[in-house]
Amino acid sequence: MVPKITTLSGYIHEYQKSIANPTGFWANIAETFYWRKKWDTILEWDFQNPRIEWFKGGQLNITENIFERNQFLLGDQTAIIWEPNDPKEEARKISYNELFTEVQKFANVLRSHGVRKGDRVAMYMPMIPELTIAMLACARIGAIHSVVFAGFSANALAERIIDAEAKVLVTADGGFRGQKIIHLKDVVDEAMVDCPSIVSSIVVKRTGHNIGWNPKRDYWWHDEMAQADAVASAEIMDAEDPLYILYTSGSTGRPKGVLHTTGGYMVYTAYTFRNVFQYSSGDVFFCAADIGWVTGHSYIVYGPLLEGATSVMFEGIPTYPDAGRYWDIIKKHKVNQFYTSPTAIRSLIAQGQGWVQDIDLTDTLRVLGTVGEPINEEAWHWYHDHIGNNKCPIVDTWWQTETGGIMISAIAGVIPTKPAFASLPLPGIQPQIVDPEGKKLCGKGVEGNLCIKFPWPGMARSHWGDHERYVESYFSQYKGLYFTGDGVKRDEDGYYRILGRMDDVINVSGHRLGTAEIENAINEHPLVSESAVVGFPHDIKGQGIYAYVVCTDIPENSEEELKNSIKKGVSKMISPIARPDQILFVSGLPKTRSGKIMRRILKKIAAGSEEYGDISTLTNPEIVEEIVDKNINLNH
Ligand code: WTA
């Protein structure tokens, strides 16, 4: 197990050590894992011509570090507690031994479908244990998993499968979410029309409803598993061999396939998991994220399982059958650490005090966490007072798909917290704040763009098939620094407060969406000639989506109809999570002389501000007045 910091002076000591000698620091932690062959070099890196290699020459398999390393200690211990959508259905407890067997069987299934080291396997799954099994089975045989969030549309799924040239798809007939059945297999069938790389799709039976079937391509999971051998050798991987791809949005149109590799990711997720949440053996950890996002990858699957934890996986939603569901799960499974998003907290606050009035969860609950977006003070206090009964520290964890694991966060009970502050960098993390021109802002009480100046083992190494874009996305703005895309403030105590994205990415309910991606989808509508999308403050979702749309023609009295059909188009092209909350039809967009849309102004208008700054550089300053008037009408 990785070493655990337990005191503030211990944190300060470890932090200083990690800065003075980063490679020695991480090598010590890496030593606690099982390597088939030890690394030749701890770190080789260059942020000018970006290339990052940790533990180069080292050989390992991450699943051997989950299973074989811990087998004698953990065999019968519960690895996964699976809580179904419907509380009337029985929860499943899967021990490390059972999970290991399932993983090996599915590894053999994948091998029997021709999957080899380096091949890509896509997953489009509900939150069921088979998803974790499939991911680990890939890792067992050196295949690269690419999990696509099950809320994405057929078009978005196909785009991701095509980009990764996935060979096999693992999916389910459907999934349960609240009262709804999500018809995943229908979406898959629609997507498959465009995905010639897929040779087999393996389908878990979850809902049992009728689905389409292609006998040349579709196989039932249970049939395949019934025939599979229960022993599968681990493929020996280089530390820098890819572990997975996870698509996320950036400021340009296409989603990017963030690539994580094996050794560094393993060390980083395990270390951050144990320390931030102060996990002790025997604890029950509940991360309520979906595995379709990075939080689920790092803190439902890899971090906890590498540290021999018991990890709760929840299929449903926080408001089904009622808004007390999370609290019931915490009670039922005696959860010690609970990790969720500010949006989930805000949506539960909106359900009223009744659900939290008489509960005390602190018999077992010790730590609360948040992730994915800034948490407002009101939500922070509600979480702290009502869920933690003023006893549980909140770790507000700042990180990104690209960072692999938590970067800036309190360590529970060790680093004192402040509402709405992510607090201090974890050991090994060296933040650097810069102004827009790249000037380094040092000392306390400064605000600017958040960069990181030294590599950490969990960082993404590339974008799948497009290293140039990786370089462009993070290393081109400020030479020699990794730019996160976030704004940040460092206060007088040296505490960091994340201010949100500085680029054209919107964070809706903790889901990252690129404005360009949404604009592309809107522009597909036959009556739309141009659009601009910005975020605006939203009470529950953190940010909502505001679309300014220019149409070639709006047939009389059909504005509402047109808005609905544009929204439908976006759902179909991307996902219902990308549907604009507000659409405003305008006759033009404010542009600079070089033709660039002035989003700064559009953001201000969407936020209801009357300070637009300088508009004299626009080619069409008169448009601003029109947009402001129309926006006022829209909101009244
Ligand atoms: C935002 C999610 C404020 C931030 C793990 C970042 C946060 C983006 C926090 C990454 C936090 C994440 N406080 N903002 N604690 N955590 N963010 O890739 O803007 O889905 O850049 O990773 O979420 O989102 P992603």
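Residues numbered from 1 in each chain as written. Predicted model: local features only at pLDDT ≥ 70, side-chain atom pairs only at ≥ 80, totals over all residues. Heavy atoms only, no water.

Novice: Go over the overall build of the protein chain with me, naming the residues and quoting the values.
Specialist: A tally of helices and strands in the protein chain yields 19 helices and 31 strands. Its C-alpha atoms give the protein chain a radius of gyration of 24 Å, within 12% of the compact-globule value 26 Å for 636 residues. Expressed as lengths along the three principal axes of its C-alpha atoms, the size of the protein chain is roughly 75 × 60 × 55 Å. Across the protein chain, every contact between residues at least 6 apart in sequence was considered, and the portion connecting residues at least 24 apart equals 71%. When the accessible surface of the protein chain is totalled, it reaches about 23800 Å², and 49% of it is carbon and sulfur. The positive charge centre, built from 63 side chains, and the negative charge centre, built from 78, are 4 Å apart in the protein chain. (Helix = DSSP H or I, 4+ residues; strand = E, 2+ residues; numbered from the N terminus. Rg over C-alpha atoms; globule rule 2.2 N^0.38 Å. Contact = heavy atoms within 4.5 Å. Areas by Shrake-Rupley, 256 points an atom, 1.4 Å probe, with all protein chains shown as cover. Lys, Arg positive; Asp, Glu negative; His and termini not counted. Charge placed at Lys NZ, Arg CZ, Asp CG, Glu CD.)

Novice: With reference to specific residues and values, describe the site of the ligand.
Specialist: Not every one of the 17 residues close to the ligand is listed here, only the nearest: Asp 396, Thr 401, Asp 486, Arg 501 and Arg 512. Residue Pro 374 places a main-chain N or O atom 3.4 Å away from a nitrogen atom belonging to the ligand. At 2.8 Å, a side-chain N or O of Arg 512 approaches an oxygen atom of the ligand. Look at the ligand: alone it shows 530 Å² of surface, and the protein chains cover 97% of it. Taken together, the elements giving at least two residues each to the shell around the ligand come down to helix H11 (294-306), strand E20 (394-397) and strand E26 (496-501). Of the residues that constitute the shell around the ligand, the class distribution is 6 nonpolar, 6 polar and 5 charged. (Near = heavy atom within 4 Å. Polar contact = N/O pair within 3.5 Å; in protein donor to acceptor, adjacent residues only side chain to side chain. Nonpolar A, V, L, I, M, F, W, Y, C, P; charged D, E, K, R; others polar.)

Novice: Please set out helix H16 (residues 515-523) residue by residue, giving values where relevant.
Specialist: For H16, a buried count of 7 out of 9 residues is recorded, marking the element as mostly surrounded by other parts of the structure. Among all positions of H16, only Thr 515, Ala 516, Glu 517, Ile 518, Glu 519, Ala 521 and Ile 522 are buried. (Buried < 20%, exposed > 50% of the residue type's maximum accessible area, 1.4 Å probe, protein only.)

Novice: Outline the sheet that holds strand E6 (residues 120-124), supporting the account with residue identities and numerical values.
Specialist: On the basis of which strands lie adjacent, the open sheet formed by 8 strands has the order E12-E11-E8-E6-E7-E14-E15-E24 and mixed pairing. Edge strands, defined here as strands with exactly one partner in the open sheet, are strand E12 (218-220) and strand E24 (462-463). Examined bridge by bridge, strand E7 (residues 144-147) and strand E14 (residues 242-248) share 2 bridges and lie parallel to one another. For Ser 146, the partnering residue across the bridge sits in E14 and is Ile 245. (Pairing = 2+ DSSP bridges.)

Novice: Account for the pairing of strand E18 (residues 337-340), naming residues and giving values.
Specialist: Looking along a regular strand, one sees the side chains alternate between the two faces of the sheet. Side-chain alternation along E18 places Gln 337 and Tyr 339 on one buried face and Phe 338 and Thr 340 on a second face that is also buried. One ladder, built from 3 bridges, connects strand E16 (residues 284-287) with E18; its direction is parallel. Paired with Phe 286 across the bridge in E18 is Phe 338. Note: E18 against strand E19 (residues 367-371), 4 bridges, orientation parallel. Bridge pairing in E19 places Gln 337 opposite Val 367.

Novice: Describe the sheet that holds strand E4 (residues 78-83), listing the residues and the values that go with them.
Specialist: The mixed open sheet is built from 7 strands, whose spatial order is E5-E4-E17-E16-E18-E19-E20. On the outer flanks of this sheet lie strand E5 (92-95) and E20, each paired with one strand and no other. Strand after strand, the sheet turns through a mean of 20 degrees between neighbouring axes, direction not considered. Along the sheet, helix H6 (residues 129-141) makes contact with E4, E5 and strand E17 (310-314), crossing E5 at roughly 20 degrees. (Axes fitted to C-alpha atoms, helices over the stretch in contact; angles between N-to-C directions.)

Novice: Help me get a handle on the packing of aromatic side chains, residues and values and all.
Specialist: Between two aromatic rings, the relevant description is the distance of the centres plus the angle of the planes. For the structure shown, the criterion picks out 47 aromatic pairs. When the ring of Tyr 11 is compared with that of Tyr 15, the centres are 6.0 Å apart and the planes differ by 35 degrees; the resulting orientation is tilted. Remark: Tyr 15 and Tyr 11 occur in helix H1 (residues 8-20); sequence separation between them is 4 residues, near one turn of the helix. Residue Tyr 11 is classed as buried on the basis of its relative accessible area of 5%. The ring of Trp 220 has Lys 205 sitting right over it, with the charged end atom 4.9 Å from the ring centre. Over the ring of Phe 421 we find Lys 418; its NZ or CZ atom is 5.1 Å from the centre of that ring. (Phe/Tyr/Trp six-rings, centres within 6.5 Å; stacked < 30°, edge-to-face > 60°. Lys NZ or Arg CZ within 6 Å of the ring centre and 35° of its normal.)

Novice: How would you explain the packing of helix H5 (residues 96-112) against H6 if you had to name every residue and give the values?
Specialist: Interhelical geometry of H5 versus H6 gives an angle of 65 degrees and a closest axis separation of 8 Å. Put simply, H5 runs roughly perpendicular to H6. Both H5 and H6 take part in a crossing whose hand is right-handed. Taken together, the residues of H6 that come into contact with H5 (itself represented by Leu 99, Phe 100, Glu 102, Val 103, Gln 104, Phe 106, Ala 107, Leu 110 and Arg 111) are Ile 133, Ala 134, Leu 136, Ala 137, Cys 138, Arg 140 and Ile 141. (Parallel < 35°, antiparallel > 145°, perpendicular 65-115°, else oblique. Left-handed = near helix turned anticlockwise from the far one by under 90°.)

Novice: Describe the domain arrangement of the protein chain, listing the residues and the values that go with them.
Specialist: In terms of domains, the protein chain is made up of domain 1 (8-488) and domain 2 (509-634). Between the C-alpha centres of domain 1 and domain 2 there is a distance of 33 Å. Listed by partner, the interface residues are 25 residues for domain 1 and 20 residues for domain 2. Carbon and sulfur atoms make up 47% of the area that domain 1 and domain 2 hide from each other, which totals about 1600 Å². The tally of links between domain 1 and domain 2 comes to 2 salt bridges. Glu 190 is the salt-bridge partner of Lys 572, the closest N and O atoms lying 2.9 Å from each other. Linking domain 1 to domain 2 there are 12 residue pairs in polar contact (both at pLDDT 80 or more). Elements represented by at least two residues in the side of domain 1 that touches domain 2 include exactly helix H7 (154-164) and helix H13 (342-349). Of the residues contributing to the side of domain 1 that touches domain 2, the split by class is 5 nonpolar, 14 polar and 6 charged. (Domains from an automatic or database assignment. Buried area = accessible area lost by both parts, 1.4 Å probe. Salt bridge = Lys/Arg side-chain N within 4 Å of Asp/Glu carboxyl O.)

Novice: Break down the pattern of salt bridges for me, citing the residues and quoting the values.
Specialist: For the structure on display, the rule yields 41 salt bridges. Between Arg 51 and Glu 44 there is a salt bridge; the shortest N-O distance is 3.5 Å. Taken together, the shared-partner salt bridges in this structure form one network comprising Glu 44, Arg 51, Glu 53 and Lys 56.

Novice: I'd love a proper account of the environment of Asp 290, names of residues and values included.
Specialist: In this structure, Asp 290 sits in the loop between E16 and H11. Residue class for Asp 290 comes out buried when judged on its relative accessible area of 17%. Taking the C-alpha atoms as reference points, Asp 290 and Glu 315, separated by 25 residues in sequence, lie 8.5 Å from one another. Other than its neighbours up to four places away in sequence, Asp 290 contacts Met 127, Phe 149 and Gly 296. Here the side chain of Asp 290 touches Gly 292 through a polar contact of 2.7 Å, landing on its backbone nitrogen.

Novice: How would you summarise the nonpolar core if you had to cite specific residues and measurements?
Specialist: Inside soluble globular proteins, nonpolar side chains tend to come together where they are buried. Judged by nonpolar contacts, the single largest core of 163 residues is most densely connected at Trp 35, Leu 99, Phe 106, Met 123, Phe 277 and Tyr 302. Among the elements that line this core, the one with the most residues is H6, at 9 residues. Taken domain by domain, this core gets at least three of its residues from each of domain 1 (8-488) and domain 2 (509-634). If near-sequence neighbours (up to four positions away) are discounted, Met 123 is found in contact with Leu 131, Ala 134, Met 135, Cys 138, His 145, Ser 146, Val 147, Val 148, Leu 169 and Val 170. The next biggest cluster of nonpolar side chains, apart from the first, holds 28 residues, and it includes Ile 345, Leu 365, Trp 382 and Ile 387. (Core = buried A, V, L, I, M, F, W, Y, C linked by side-chain atoms within 4.5 Å.)

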